[in-house]
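Close look at the chain arrangement
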Amino acid sequence: MAAPGARPAQTMIEFRDVHKYYGDYHALRGITATIRAGEFFSLLGPSGCGKTTLLRTIAGFEGISSGVVLIDGKDVAAVPANKRPTNMVFQSYAIFPHLTVEQNVGFGLRREGLSKEALAARVAEALEMVGLKGYGARAAHALSGGQRQRVALARALILKPKVLLLDEPLSALDKKMREQMQVELIRLQRQVGITFILVTHDQEEALVMSDRIAVMFEGEIAQLADPETLYRRPNSKKVADFIGTMNFLPASILSESDGQIEVEAKGFGRVTLAADQAPGAATGGEAMVGFRPETLTILFDGQQATDRETMATIEEVVYYGDMTYYDVKLDGMDSATRISMRNVFGRPVLDIGTRTRIAWSPGALVLFR
Amino acid sequence: MKFSGLRLYTILYLVFLYAPILLLPLFAFNDSKVIAFPLSGFTTAWFAEMWADTQLHNALKNSLIVASSAAILATTFGVFAARASTRFNFPYKAGIMGLVMLPLVLPEMIVAMALLIVLLAMGVNLSIFTIILGHVLICTPFAVAILSSAFQSLDKSLEEAAYDLGETPLSTFRLIILPLVMPGIVSSLLISFTISLDEFIIAFFLGGNQTTLSVYIFGQFRFPAKVPSIMALGTILVLLSIVLLSIAEFFRRRGLARSGTKDTGGFL
C-alpha cells in the first residue's frame, strides 16, 4: 500500500451512471465512481464482473450505452482511443512481434516528429526505467514473459499518459515473477506519479498494490474503499468472502441507538458494536456477525487477553509452515470457525481435541444485516 | 524392415502418384522420338526444339499475364474476405463464406461452361481477360483459406495496442497488420499463380483463340513428333511448380513463427 497523504486529490476519471449492454446482456449496471489523479486504483472482481469492460471504456475500445465517462474533466464520448490521454498494458502484452524492443517502445513517439537522437534518448530512458537497459536491439519475439511485460510498460509510459491502464498484466507470470513485478509496479507508479488503473481478479494483488480498490460483481461496484477498510469493514458478505476469509455467525440485533448496536451472537454473547462495524446497508436478510481468522488468538500459558476471553475446543488443525489454521468451536457455538495463528518458534502446534482459552475483541466483528 | 500390408499399400500408392511425373524428365533427356523403354541416349536437343516454337512464346506470355493477374486479384479479394471473416460478425456470415469457398469443390467443368454461356450471352469477346476472370474465381478460395489462417493467428490486442499508441485504423493496418500477414500474402500470391498456371479447362473454354501454356501443351500432343519437346516443357513446369510451392510454404511457416502461433497445417 502506498503511503497516504502527499497526493493531490483532484479527480482524474469520473463515471456517471455508466451502463453497457451487449445485446441483451447488461455488462455494466450503473457505474458511478471517481478515480483520483495520481492514485493506484484497482478494479477487482471475478471473471465476467465487468472490470475489463469498464477499463476498456476508459481506453476507448468500448463505447458505453448510457452515462458519462470523464477523463481529467472532459467528456470523452466523442474521443476515439487513439486520441485519449490513456495508454494500456494488455493482458497478452501485445508486443509487436516483427519489431525490435526499441521500435516497440518508441512506436508511439513516431508521430511526434522527434530527431533520431531525441527518440533514441527517450527510448533508452524508458527502457532504463523498467530495468531493460541495453535490450533495445533485441527482437521482441525472443523475450521472456517478464521482459515482454516490461517492454509493454515502457511502451505505454513513454508517451507520458495521464492514465495508465493495466489489464491483468501479471496473470501470465509465475508466482515469484508476479510478486517481483508487483513491487516494481508500485515503485514505478510512485516514480512517475501517473494514475494507474489495474484490473485484476487476484484479491491479494489488489490489496498489495492499490491505494483504493473497487470490488465489482455482476456489472456493479459492490464497495469502493482503501485496502484496509475493504478488509476490515467489508460492506457485504459477498465482498467479505471475495477478499480473504471471513467467518460468519448468526446473530440477533437487540437494540440500536446513537451509533451503538447491541447484538447477541452465539459464542460471543452480548456485544455492543459501533456504527462503523455495520458498514453495509440493511438487506432485510438474517443478521450475521463476521470476523477474520486472525482476529481470534489462542492464549498459551501465561498470556492474558487484552479484551475478551472465552473457552474453545480445537476440532481441526491445518499446518502451513509459517501459519497454522485451527477450526475451533467456541463454547456456546453450534459449529466450528476457522482461526489462523502465526507459528512462533518454540511454541507447540496444538492437537485436535485440546481445550484452550481464546482472546477476542468486539471491535474486530462486522455486522451484516 | 517389416513389410506389412499397410506399408505395401503406401508404397504402391506413392508409386502410382509420382512415377508418371518422374517419367517426364526421363524422356525429356532421352535421345529418341519414341516414348518407350529402353532409353537410347542422353540429349538436351528437345529443350532447344521446344524453345524454337514461337507459338510457345505467345502461350508463355499469355500464361504469365493470366497467372500474375489472377494471383494479384484473388489475393486482394482474399485479404478483404479473410479480414472480414476473422475479425467481424455480420448476418449470414457462414453462408457468405461458404459461397466464397464453394468453387473449391465445384467441378471446374461446370464453372467453365456456365461462365462461357454467360459471357457469350453478354456478347463479351473471349480473350485472356475472360480466362483471368475464371481463374480469379477458382483461385480466390485458396487465397481466402491461406489468408484466413494468417489473419486468424493475429492477436487482436496488437491492433488495439497500435491504436492506443496514437495510430489511426489505416496506419495500424499498414504498420502492424500488413507486415504480420505479409508472409500469408506472399504465400497466397504464389499458390494462386501456380494454380492458374496449371489450369486447363477454364483456359480452354474461355480463351477463344488465345492459348495458355496448358492449352498449348494439350494441342501439341496431337503431333507424335512433338511429344519429346512437350516432355521437356513439362519437366520445366514441374520444377517451377515445386519451387513456387516451396517458397509459398516457406513464407507461410515464417509468418506463423513471427506471430508465434502453432502450425495448423498448410498445403504442403
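Under the annotation held in an unreviewed UniProt entry, chain B carries the name ABC transporter permease and is attributed to Fertoeibacter niger. According to its UniProt record, chain B has this under Sequence similarities (unreviewed entry): "Belongs to the binding-protein-dependent transport system permease family. CysTW subfamily." Per UniProt, the comment on chain B under Subcellular location (unreviewed entry) is "Cell membrane".

Time to look at the overall build of chain A. A tally of regular secondary structure across chain A gives eight helices and 20 strands. Going through the 369 residues of chain A one by one, you find that 48% of them count as buried. Excluding contacts between residues fewer than 6 apart, the proportion of contacts in chain A whose partners are at least 24 apart in sequence is 68%. For chain A, the computed accessible surface area is about 16,900 Å², with 50% contributed by carbon and sulfur atoms. Each charge sign in chain A was given a centre, from 42 positive and 43 negative side chains, and these centres are 7 Å apart.

We now examine the packing of aromatic side chains. A complete count under the given rule lists 15 aromatic pairs over all chains for this structure. Look at F61 of chain A and F90 of chain A: their rings are 6.0 Å apart centre to centre, the planes differ by 35°, and that puts the pair in the tilted class. You can see F61 of chain A sitting in the loop between α1 (51-59) and β4 (66-71) and its partner F90 of chain A sitting in the loop between β6 (86-89) and α2 (101-105), a full 29 residues away along the chain. On the basis of relative accessibility, which here comes to 3%, the residue F90 of chain A falls in the buried class. Geometrically, the ring pair formed by F204 of chain B and F218 of chain B is edge-to-face, given 5.8 Å between the ring centres and 75° between the ring planes. Placement of the pair is F204 of chain B in helix α9 (residues 201-206) and F218 of chain B in helix α10 (residues 213-220), with a sequence separation of 14 residues. Taking relative accessible area as the criterion, F204 of chain B reaches 42% and is therefore assigned partly exposed.

Here we take up the interface of chain B and chain A. With 19 residues of chain B at the contact, the number on the chain A side is 21 residues. Regarding the contact of chain B and chain A, the summed buried area is about 1,900 Å², with carbon and sulfur atoms giving 60% of it. The salt bridge involving R110 of chain A is made with E167 of chain B; its shortest N-O contact spans 3.2 Å. Applying the counting rule to chain B against chain A returns 10 residue pairs in polar contact (both at pLDDT 80 or more). Every element with two or more residues in the side of chain B that touches chain A is listed here: α7 (156-164), α8 (169-198) and α11 (227-259) of chain B. The element best represented in the side of chain B that touches chain A is α7 of chain B, accounting for seven residues.

Among the nonpolar cores identified, the biggest contains 85 residues, and F15, L153 and I197 of chain A are the most heavily contacted of them. Here L153 of chain A is in contact with V89, V130, L164, L166, M181, L185 and L188 of chain A, once residues within four sequence places are set aside. Formed by 36 residues, the second largest nonpolar core is a distinct cluster that contains A59, A74, I202 and I230 of chain B.

Residue and element names in this part refer to chain A. Here five strands make up an open sheet; going across it, the order is β13-β12-β11-β14-β20 and the pairing antiparallel. The open sheet has two free edges, formed respectively by β13 (269-274) and β20 (366-368), since each of these has just one partner strand. The average undirected angle you get between the axes of adjacent strands in this sheet is 40°. When strand β14 (residues 288-291) meets β20, the two strands line up antiparallel, connected through three bridges. Across the sheet, residue V289 finds its bridge partner in β20, namely L367.

Residues and elements named next belong to chain A. The side-chain alternation of strand β12 (residues 260-265) yields one buried face, formed by I261, V263 and A265, and one unburied face, formed by Q260, E262 and E264. Looking at chain direction, strand β11 (residues 247-257) and β12 are connected through six bridges and run antiparallel. Its bridge partner lying in β12, S257 is registered against Q260. The antiparallel pairing of β11 with β12 creates a hairpin that spans two residues between the two strands, and D258 there sits at a positive phi of about 50°. Where β12 lies against β13, six bridges are found, and the strand directions are antiparallel. Each residue of the ladder has a partner; that of E262, found in β13, is T272. With antiparallel pairing between neighbouring strands as the criterion, β12 and β13 make up a hairpin whose turn holds three residues, including G267 at a positive phi of roughly 90°.

Residue and element names in this part refer to chain B. Look at the UniProt record and you will see "transmembrane region" (unreviewed entry) annotated at residues 7-28, 34-52, 64-84, 96-121, 128-151, 171-193, 200-218 and 230-251. From the first C-alpha to the last, residues 64-84 spans 30 Å; its make-up is 100% helix and 0% strand. Taken as a whole, residues 128-151 contains 100% helix and 0% strand, while its terminal C-alpha atoms sit 32 Å from one another.

Turning our eyes to something else, we now look at the packing of helix α6 (residues 128-152) of chain B against α8 of chain B. Residue and element names in this part refer to chain B. Running from amino to carboxyl end, α6 crosses α8 at an angle of 150°, the nearest separation of the two axes being 9 Å. As the angle between them shows, α6 and α8 are arranged roughly antiparallel. The two elements α6 and α8 meet at a crossing, and its hand is right-handed. Contacts between α6 and α8 pair H135, I138, C139, F142, A143, I146, L147, A150 and F151 from the former with I177, V181, G184, I185, S187, S188, I191, S192, I195 and S196 from the latter.

Next up on the list: the packing of helix α3 (residues 54-87) of chain B against α6 of chain B. Residue and element names in this part refer to chain B. Direction vectors running N to C along α3 and α6 enclose 40°, while the axes themselves pass 5 Å from each other. Between α3 and α6, the angle falls in the class oblique. The two elements α3 and α6 cross, and the hand of that crossing is right-handed. Residues belonging to the contact of α3 with α6 are distributed by class as follows: 18 nonpolar, 10 polar and one charged.

In this structure's numbering, the residues bearing the UniProt feature "domain: ABC transmembrane type-1" (unreviewed entry) are residues 60-248 of chain B. Secondary structure across residues 60-248 of chain B comprises 80% helix and 0% strand; the distance between its end C-alpha atoms is 22 Å.

All names here are of chain A. Ordered by their spatial adjacency, four strands build an open sheet running β2-β1-β4-β5, and the pairing between neighbours is antiparallel. Looking at the sheet topology across the chains shown, the edges are occupied by β2 (25-36) and β5 (74-75). Packing of α1 onto the sheet brings it into contact with β1 (11-22), β2 and β4, and relative to β1 it is tilted by some 120°.

Criteria and cut-off values
- Residues numbered from 1 in each chain as written.
- Chains lettered and ligands numbered in written order.
- Predicted model: local features only at pLDDT ≥ 70, side-chain atom pairs only at ≥ 80, totals over all residues.
- Heavy atoms only, no water.
- UniProt positions renumbered as here; feature names shortened; annotations may be inferred.
- Helix = DSSP H or I, 4+ residues; strand = E, 2+ residues; numbered from the N terminus.
- Buried < 20%, exposed > 50% of the residue type's maximum accessible area, 1.4 Å probe, protein only.
- Contact = heavy atoms within 4.5 Å.
- Areas by Shrake-Rupley, 256 points an atom, 1.4 Å probe, with all protein chains shown as cover.
- Lys, Arg positive; Asp, Glu negative; His and termini not counted.
- Charge placed at Lys NZ, Arg CZ, Asp CG, Glu CD.
- Phe/Tyr/Trp six-rings, centres within 6.5 Å; stacked < 30°, edge-to-face > 60°.
- Buried area = accessible area lost by both parts, 1.4 Å probe.
- Salt bridge = Lys/Arg side-chain N within 4 Å of Asp/Glu carboxyl O.
- Polar contact = N/O pair within 3.5 Å; in protein donor to acceptor, adjacent residues only side chain to side chain.
- Core = buried A, V, L, I, M, F, W, Y, C linked by side-chain atoms within 4.5 Å.
- Pairing = 2+ DSSP bridges.
- Axes fitted to C-alpha atoms, helices over the stretch in contact; angles between N-to-C directions.
- Parallel < 35°, antiparallel > 145°, perpendicular 65-115°, else oblique.
- Left-handed = near helix turned anticlockwise from the far one by under 90°.
- Nonpolar A, V, L, I, M, F, W, Y, C, P; charged D, E, K, R; others polar.

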